[in-house]
Amino acid sequence: MMPRTHSRFWLLVVASTLGAACSADRPATPTAVPSALASDASDDAVAAGADDRPTTIAVIGDTPYEPRTPSAISVFPVLINSINADPDVRRVVHIGDIKSGSTLCADRWFRRIADNFTLFDDGLVYAIGDNEWTDCHRSNNGGYVPTERLDMIRSIFFSNPGRTLGGKHQRVNAQPGHPENTEWRASDVTFASLHIVGSNNGLDKWFQEPAQGGETPEQTLLREAEYAARNAANIAWLEHTFAEATRTHAKGVVLFFQADLWSPADRAAGAQFTGHQLFVERLSQLASSFGLPVLLVSGDSHDLRVDVGVPWFTLYGLTPLPNVTQLIVDRSIEAPTDASPMDWVKLTIDPSAAYPFSWTQISVP
């Protein structure tokens, strides 16, 4: 497994830029704080505050996609084995889109992904994407009512709220009513997953293909009500996360979610981002008050990208913040003809470092 050289370059850029921006506000030495609670005795000791060591998280996203030759789902275990073979990894995060946006939103596919998730040795946090529910109204997705698919996703993947998926059912804090929103602590940093998706955060209208006839008035009300409730829940969980980070004197915050809040290609194609406005406004307020490093880890756009200082805040009428960075993770399983058809991001949190976050893109042979 060899890291891509351009990820090292971005690491140097981020470390030099944000390290200088945030070092004045950061204590000189780390203090031990609780990490994520786990189901075995050794991890429970870590959770009680005995761990001030670096933490490594494997991040994957936008995978497995079909169609592909060989099938993405058939090679998904190869990706999983690569992550399992790394002794540094203590948790896995899938940042959403467990299928293509042009394939069926079938129960059998969701259950097959859930079965594959059990192959991870470590606990897995899953942040829901738009392809598995928001876009399921499309004809080639099966013409489902999206909220029905969201109910199914929650029933399959979040039947045990407050526990991770994967090989270790570690405890996390889960938001009541929205169990996919989770929060945990490790290495003096506060982490959270949030249900923020593409397709204008779920506000794009359903059944818009000519043969479909458009939304009914009842479906419009359903779509708008779902968005309003979820957006309010996301903002409340964001506030909870920063409150926990402040209370525990965390040295940083990491937020995992599916949507690329900038997504230049989608914007150029006419995509709307109004569904993210209120969340980004509150994020700006909280991150500015927090003052220490904030890392947004997302997928959606399929290519590795690092937005130091989130210059795209201006698109929301806000001032960019030097302590905030967005990391867009590469689609983990690409077409076989690509230079690196399979990879994952190794995210390391070191509370003793000048800038606590670093990452490397790992190519799977």
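See the structure printed just above.
This section reports on the structure supplied with the text. On a predicted model such as this, the values are computed, not experimentally measured, just so you know. (Residues numbered from 1 in each chain as written. Predicted model: local features only at pLDDT ≥ 70, side-chain atom pairs only at ≥ 80, totals over all residues. Heavy atoms only, no water.)

What about the overall build of the protein chain?
Next up, step 1: Check the secondary structure of the protein chain and you find 9 helices and 14 strands.
Next up, step 2: Taking all 365 residues of the protein chain together, 58% fall into the buried category.
Next up, step 3: Across the protein chain, contacts joining residues at least 24 apart in sequence account for 75% of those joining residues at least 6 apart.
Next up, step 4: Accessible surface, the protein chain as shown: approximately 13900 Å² in total, 57% of it carbon and sulfur. (Helix = DSSP H or I, 4+ residues; strand = E, 2+ residues; numbered from the N terminus. Buried < 20%, exposed > 50% of the residue type's maximum accessible area, 1.4 Å probe, protein only. Contact = heavy atoms within 4.5 Å. Areas by Shrake-Rupley, 256 points an atom, 1.4 Å probe, with all protein chains shown as cover.)

As for the state of the cysteines
Next up, step 1: One pass over the structure, following the stated rule, counts 1 disulfide.
Next up, step 2: The disulfide partner of C105 is C136, and the gap between their sulfur atoms is 2.0 Å. Of note, the bridge from C105 to C136 carries an S-S torsion of about -90° and is left-handed in sense. Of this pair, C105 sits in the loop between β3 (89-94) and α4 (107-117) while C136 sits in the loop between β4 (123-126) and α5 (146-157); the two residues are 31 residues apart in sequence, bridging distant segments of the chain.
Next up, step 3: Residue classification places C105 among the buried positions, given a relative accessible area of 0%. (Disulfide = S-S within 2.5 Å.)

Examining the packing of aromatic side chains
Next up, step 1: Inspection of the entire model under this criterion finds 14 aromatic pairs.
Next up, step 2: Between W312 and F313, the ring centres sit 5.1 Å apart and the planes meet at 65°, which makes this aromatic pair edge-to-face. Accessibility classification places W312 together with F313 in one group, the buried group.
Next up, step 3: Taking NZ or CZ as reference, R91 lies 5.0 Å from the ring centre of W184, over its face. (Phe/Tyr/Trp six-rings, centres within 6.5 Å; stacked < 30°, edge-to-face > 60°. Lys NZ or Arg CZ within 6 Å of the ring centre and 35° of its normal.)

Examining α5
Next up, step 1: The end-to-end C-alpha distance of α5, which contains 12 residues, comes to 16 Å, matching closely the 16 Å that a straight helix rising 1.5 Å per residue would cover.
Next up, step 2: Among the 12 residues of α5, 9 are classified as buried, and the element is accordingly described as predominantly covered.
Next up, step 3: Every buried residue belonging to α5 is among P146, T147, R149, L150, M152, I153, R154, I156 and F157, and all of these are buried.
Next up, step 4: Residues of α5 that are buried in the fold lie against α4, β4, β5 (165-166), β7 (178-186) and α7 (217-247). (Expected span 1.5 Å × (residues − 1).)

Topic: the pattern of salt bridges
Next up, step 1: One pass over the full model with this rule turns up 16 salt bridges.
Next up, step 2: A salt bridge links R149 to E148; the nearest nitrogen and oxygen atoms lie 2.7 Å apart.
Next up, step 3: Judged by relative accessible area, E148 falls into the partly exposed class, the value being 34%.
Next up, step 4: Note that E180 is salt-bridged to R154, the shortest N-O span being 2.7 Å. One end of the pair, E180, is in strand β7; the other, R154, is in helix α5, and 26 residues separate them in sequence. There is no split in this pair, since E180 and R154 are both buried.
Next up, step 5: Counted as one network, the salt bridges with shared partners bring together E183, R185, E244 and R247. (Salt bridge = Lys/Arg side-chain N within 4 Å of Asp/Glu carboxyl O.)

Focus on the packing of α7 against helix α9 (residues 277-290)
Pairs of packed helices are described in terms of their axes, by the angle between the two and the distance that separates them.
Next up, step 1: As a packed pair, α7 and α9 sit with axes 10 Å apart at the nearest point and diverge in direction by 5°. What the angle tells us is that α7 and α9 run roughly parallel. Only L278, F279, R282, L283, L286, A287 and F290 of α9 make contact with α7, whose side of the interface consists of N231, N234, I235, L238, E239, F242, A245 and T246.
Next up, step 2: For the contact of α7 with α9, the class distribution of residues is 10 nonpolar, 3 polar and 2 charged. (Axes fitted to C-alpha atoms, helices over the stretch in contact; angles between N-to-C directions. Parallel < 35°, antiparallel > 145°, perpendicular 65-115°, else oblique. Nonpolar A, V, L, I, M, F, W, Y, C, P; charged D, E, K, R; others polar.)

As for the packing of helix α3 (residues 72-84) against α4
Next up, step 1: Following both chains from N to C, one finds α3 and α4 inclined at 20°, their axes separated by 10 Å at the closest point. Judged by the angle between their axes, α3 and α4 are roughly parallel. Seen from above, α3 lies across α4 with right-handed handedness. Along its contact with α3, which presents I73, F76, P77 and I80, the element α4 presents W109, R112, I113, N116 and F117. (Left-handed = near helix turned anticlockwise from the far one by under 90°.)

With respect to the sheet that holds β7
Next up, step 1: What the 7 strands build is an open sheet, ordered β6-β7-β8-β9-β10-β12-β11; its pairing is mixed. Sheet topology places β6 (173-175) and β11 (305-308) at the edges, where each strand pairs with a single neighbour. Across this sheet, the average inter-strand angle for adjacent strands is 15°, counted without regard to direction.
Next up, step 2: Taken together, the 3 bridges between β6 and β7 define a ladder with antiparallel strand orientation. Considered in β7, the bridge of N173 is made with E183.
Next up, step 3: The sheet strands contacting α9 are β9 (253-256), β10 (294-298) and β12 (324-328), and the helix crosses β10 at an angle near 140°. (Pairing = 2+ DSSP bridges.)

Let's talk about the nonpolar core
Next up, step 1: Ranked by internal contacts, the top residues of the largest apolar core, which has 36 residues, are F76, F110, F117, F120, Y126, F157 and W344.
Next up, step 2: For this core, the elements supplying multiple residues, two or more each, are β2 (55-60), α3, β3, α4, β4 and α5.
Next up, step 3: The biggest single contributor to this core is α3, with 7 residues.
Next up, step 4: One finds A192, L292, V294 and W312 within the second-largest nonpolar core, a separate group that totals 31 residues. (Core = buried A, V, L, I, M, F, W, Y, C linked by side-chain atoms within 4.5 Å.)

Focus on the pairing of β9
Successive residues of a regular strand alternate their side chains across the two faces of the sheet.
Next up, step 1: The side-chain alternation of β9 yields two buried faces, one formed by V253 and L255 and the other by V254 and F256.
Next up, step 2: Bridge count between strand β8 (residues 189-193) and β9: 4 bridges; the pairing is parallel. By the bridge assignment for β9, S193 is matched with F256.

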